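Fold and contact review
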Amino acid sequence: MEESHKLWRSSVRAFVTKEIIPYVEAWEEAGRIPRDLYPNAAQAGLIGLGYAEEFGGGGLETDIFHAIITSEELARAGAGGIVAALMIHGIGLPPIMALASETMKHKIAPHILSGAEQISLGITEPSGGSDVAKLKTKAVRDGNGWRVNGSKTYITGGMTSKWLTAAVRTGEEGMGGISLMLIDLESEGVSRSELPKMGWWSSDTATLYFDDVFVPADHLIGTEHQGFYGIMANFNAERLGMAAQAAAYARCCLEDAVSWAQERETFGKKLTQHQVIRHKIATMAQRIWTTTSFLDHCAWRVMQGESPIAELAMLKVQATETMEYCAREAMQILGGAGFIRGHRIERIYREVRVMAIGGGSEEIMRDLAARQMGL
């Protein structure tokens, strides 16, 4: 680890300790994070991490391990909804930075990276999720632009975002007829419906409806009919990020379980003096370090310019299964205390499923990995 990584961890930890942890329960109950958290996070360098200074970012001197450290430190709050809401630009903005015109980049990125506006990603539809090639939301040419009709669902930030990077059908059926477009969610014809959730309470999730929504021609992201490839490239980064988060939440579970077991007494001795508890903790640690090693390996390969699709798919499964195991074992060790609202373990436990499903379910990831292996 380089000195810049150590300094970055210290900086993010200070921000999370001061600006997030004291308010977690209030934000969870409110179902939102406050609007001023975005510019504060931008000021602290979180939102602009990895983006060029010309667009309002913090510069390109950072690497993937700075992003992993960010995930680890944000996870200390034990509330995935806060991370999902605050960092949603991490999946909404990259397709623009990778594929869009310089004009669009300069128009959108500075407002996002300053925390003034939000951008979400719109892929999943009510008719299907992981089968992107069959999406139905359609864009038809209309003068100097398109008219978009259809809907997107399970959109993180859907109620509060100004912009949506959306996958729409501009051509024939299949992956060759999909384009990416930037949709202004304040446009006429856009409506939103909030979705109550099992976890991620402090982030808003919505279904978005498009009724003849006009999208200007210059809001096409990249080349027409080539959006599928941009989506797939974006998924790789999203899965690496989700794996980092899942591993970090598993580590939080281990920390809380160890702390509790060292203090709690049953049958006249500390929980750590019971062999079964020590074995639970050892197995949690074993799975976490296995996952962390796999994560570091995949991150290093991506930094070398590789695109290890199969490994990233398997990494996400490994990380979310580790999170699920550690959340369960930590809950068992804490017993009734872990079941009470307001405890970090309770929050993490009810967010296991969204991590296992989001960005590609475990079943889809395993099948993708197998196909990449030539099976």
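Below is a short write-up of the structure.

Quick look at the packing of aromatic side chains
In total, this model carries 2 aromatic pairs according to the counting rule given. An angle of 25 degrees between the planes, with centres 5.6 Å apart, marks the rings of Tyr 23 and Trp 27 as stacked. Among the residues examined, Tyr 23 registers a relative accessible area of 39% and is labelled partly exposed. By relative accessible area, which is 10% here, Trp 27 ends up buried. Arranged with centres 5.9 Å apart and planes meeting at 90 degrees, the rings of Phe 228 and Tyr 229 form a pair that is edge-to-face. For Phe 228, a relative accessible area of 13% puts it in the buried group. Relative accessible area serves as the criterion here: at 45%, Tyr 229 is assigned to the partly exposed category.

Things to note about the pattern of salt bridges
A full pass over the atoms with the stated rule returns 26 salt bridges. For Glu 125, the salt bridge identified is with Lys 152, shortest N-O distance 2.9 Å. Placement of the pair is Glu 125 in the loop between β1 (119–122) and β2 (138–141) and Lys 152 in strand β3 (residues 145–156), with a sequence separation of 27 residues. Both residues of the pair, Glu 125 and Lys 152, belong to the buried class. Between Glu 265 and Lys 270 there is a salt bridge; the shortest N-O distance is 3.7 Å. Connected via shared salt-bridge partners are Arg 9, Arg 13, Glu 72, Glu 73, Arg 76 and Arg 251.

Examining the environment of Thr 62
You can see Thr 62 is positioned in the loop between α3 (37–43) and α4 (64–75). Expressed as a C-alpha distance, the spacing of Thr 62 and Leu 49, which sit 13 residues apart in the sequence, is 7.4 Å. For Thr 62, the residues in contact, after removing those within four places along its chain, are Leu 49 and Gly 50.

Some remarks on the packing of helix α11 (residues 309–334) against helix α15 (residues 362–372)
Put simply, α11 and α15 touch, their axes get as near as 8 Å, and they point 150 degrees apart. When the axes of α11 and α15 are compared, the pair comes out roughly antiparallel. Viewed along their axes, α11 and α15 form a crossing whose handedness is left-handed. Of the residues in α15, those in contact with Ile 309, Ala 310, Ala 313, Met 314, Lys 316, Val 317, Thr 320 and Glu 321 of α11 are Glu 362, Met 365, Arg 366, Leu 368, Ala 369 and Gln 372. Taken together, the residues of the contact of α11 with α15 break down into 8 nonpolar, 2 polar and 4 charged.

Scoring rules and cut-offs
- Residues numbered from 1 in each chain as written.
- Predicted model: local features only at pLDDT ≥ 70, side-chain atom pairs only at ≥ 80, totals over all residues.
- Heavy atoms only, no water.
- Phe/Tyr/Trp six-rings, centres within 6.5 Å; stacked < 30°, edge-to-face > 60°.
- Buried < 20%, exposed > 50% of the residue type's maximum accessible area, 1.4 Å probe, protein only.
- Salt bridge = Lys/Arg side-chain N within 4 Å of Asp/Glu carboxyl O.
- Helix = DSSP H or I, 4+ residues; strand = E, 2+ residues; numbered from the N terminus.
- Contact = heavy atoms within 4.5 Å.
- Axes fitted to C-alpha atoms, helices over the stretch in contact; angles between N-to-C directions.
- Parallel < 35°, antiparallel > 145°, perpendicular 65-115°, else oblique.
- Left-handed = near helix turned anticlockwise from the far one by under 90°.
- Nonpolar A, V, L, I, M, F, W, Y, C, P; charged D, E, K, R; others polar.

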